[in-house]
Amino acid sequence: MENIRKDKAVIENIGKILLDTERPLKERFRSLFTLRNIGGKLAIKCIEDCFADSSALLKHECAYCLGQMQDPLAVPKLESVLQDITQESIVRHEAAEALAAIGNIKSLPLLKKYINDPCVEVAETCQLAVQKMEESETNEIECSQNPFHSIDPAVPLPKASYDSINHLENILLDQSQPLYRRYQAMFSLRNMNSKESAIAIAKGLTCGGALFKHEIAYVLGQMQNDATVKQLSQVLFDESEHEMVRHECAEALGAIATEECMEILNRYIKDEKRVVRESCEVALDMCDYENSKEFQYANALIKAV
């Protein structure tokens, strides 16, 4: 990636694909994740330019990628997106989460400003972000304990504070517990990465608000355990569920990538909600890659540029 980062023309060509509204969404997603893997100032600029797009899903993923890159160069744009009330709530929420992932303490006053945002998903994300940034654990320590190497909105619970999967499950499902503590239990269960812990997490799809359930689905997508296909598909089937939860369930099914998952996703490829049908389109592309010899979803695009 270091050699590619030095090749301005290659990065610009990948950026053009990301910004080309005539391209299939799956190709634009591949370009986005390729830019995330490349990193650097020019890749960040290409991703930032995409916040003018009409696809809330694509903008949401742009914010996610900027957060995972952890480059302070992205902070001004992410702060701008959070403050822009014309942006969809799913995009503003992800911008707030990305700011916490980057962890620049200068963003803390802005995040505190939006802890009571009229959009509950944005408000809750900012509350979590503030608590995460005020925790003493560093992202480096967090990553070393995380087999998935993602920067998450909460750090896992200390291992000395629980004694079993059942104990963590009880915390996860207890809606009287602070949201941050429930998130901690979720990530502790995820890091166990077993069928039993995945099933425990999946029970969270039936309780809590949209933000909580959306994170449950995201974590299940990371784990890729086919024992949770039924639970994820039931939420996707429920058209009364918040679109940010249904979209994340679709992407999780794409990551699990069984034949059953593909059949389910094809059923919702023309869903009434744009963010859901676009998620199904991208998820089906993920299925293709999970079932192919291309182990690096995002890196595949580099070969074609």
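Rules of the game
Residues numbered from 1 in each chain as written. Predicted model: local features only at pLDDT ≥ 70, side-chain atom pairs only at ≥ 80, totals over all residues. Heavy atoms only, no water. UniProt positions renumbered as here; feature names shortened; annotations may be inferred. Buried < 20%, exposed > 50% of the residue type's maximum accessible area, 1.4 Å probe, protein only. Contact = heavy atoms within 4.5 Å. Helix = DSSP H or I, 4+ residues; strand = E, 2+ residues; numbered from the N terminus. Polar contact = N/O pair within 3.5 Å; in protein donor to acceptor, adjacent residues only side chain to side chain. Expected span 1.5 Å × (residues − 1). 1 Å grid on protein atoms, 1.4 Å probe; cavity = no way out; pocket = protein on both sides within 12 Å on 5 of 7 lines; lining within 4 Å. Points joined across faces, edges and corners; volume = space filled by probe spheres on them. Nonpolar A, V, L, I, M, F, W, Y, C, P; charged D, E, K, R; others polar. Axes fitted to C-alpha atoms, helices over the stretch in contact; angles between N-to-C directions. Left-handed = near helix turned anticlockwise from the far one by under 90°. Core = buried A, V, L, I, M, F, W, Y, C linked by side-chain atoms within 4.5 Å.

**Q** Quick rundown of the UniProt feature "binding site: Fe cation 2" (unreviewed entry) in the protein chain? Include the residues and the values.
**A** Taking the UniProt record as the reference, the feature "binding site: Fe cation 2" (unreviewed entry) is found at His214, Glu215, His247 and Glu248. Spatial clustering of the annotated residues is evident: they stretch over 35 residues in sequence, but the largest pairwise C-alpha distance comes to 11.2 Å. Overall, the relative accessible area of 2% leaves Glu215 in the buried class. Excluding anything up to four places from it in sequence, Glu215 contacts Glu97, Pro153, Tyr183, Met186 and Phe187. Along the chain, Glu248 falls in helix α16 (residues 243–256). Every residue in contact with Glu248, bar those within four places of it in the chain, is listed here: His60, His214, Ala217 and Tyr218. Of note is the side chain of Glu248, whose polar atom sits 3.4 Å from the side chain of His247.

**Q** Lay out the environment of Leu211 in plain terms, naming residues and giving numbers.
**A** Relative to the helices and strands, Leu211 is located in helix α14 (residues 210–223). Accessibility expressed as a relative area gives 0% for Leu211, which makes it buried. Spatially, the C-alpha atoms of Leu211 and His93 are 9.0 Å apart, while their sequence positions differ by 118 residues. Sequence-distant contacts of Leu211, defined by excluding residues within four places in its chain, comprise His93, Glu121, Glu124, Thr125, Leu128, Leu179, Tyr183 and Met244.

**Q** If you had to explain α14 to someone new, which residues and values would you point to?
**A** Helix length check: α14 (14 residues) gives 20 Å between terminal C-alpha atoms against 20 Å at 1.5 Å per residue, within 8%. Once α14 finishes, Gln224 follows within two positions and takes phi at roughly 55°, a positive value.

**Q** Describe empty space enclosed by the protein, naming the residues involved and giving the relevant values.
**A** One simple way to see leftover space: roll a probe sized like a water molecule over the atoms. Under the definition given, this model contains three cavities of 30 Å³ or more. What the largest cavity holds in volume is close to 50 Å³. Around the largest cavity sit Tyr64, Gly67, Gln68, Glu94, Glu97, Ala98, Ala100, Ala101, Ile151, Asp152 and Pro153, which together line it. Examining the composition of the lining of the largest cavity, we find that five residues originate from one element, helix α7 (residues 89–102), more than from any other. Looking at the lining of the largest cavity residue by residue, the class counts come to six nonpolar, two polar and three charged.

**Q** Now, about the packing of α16 against helix α17 (residues 259–267): what can you tell me, with residues and values included?
**A** Relative orientation of the contacting elements α16 and α17 amounts to 145°, with a least axis distance of 8 Å. Judged by the twist between their axes, the crossing of α16 over α17 is left-handed. Judged by residue contacts, Ala250, Leu253, Gly254 and Ile256 of α16 engage Cys261, Ile264 and Leu265 from α17.

**Q** Can you tell me about the nonpolar core, naming the residues and giving the values?
**A** Ranked by internal contacts, the top residues of the largest apolar core, which has 101 residues, are Leu78, Leu82, Leu111, Leu232 and Leu265. The contact partners of Leu82, leaving out residues within four places of it in the chain, are Arg92, Ala95, Ala96, Leu99, Leu110, Leu111, Tyr114, Val122 and Cys126.

**Q** Now, about unusual backbone geometry: what can you tell me, with residues and values included?
**A** A positive phi angle is found at Asn193, which is not glycine, with a value near 55°. Structurally, Asn193 can be placed in the loop between α12 (179–192) and α13 (195–202).

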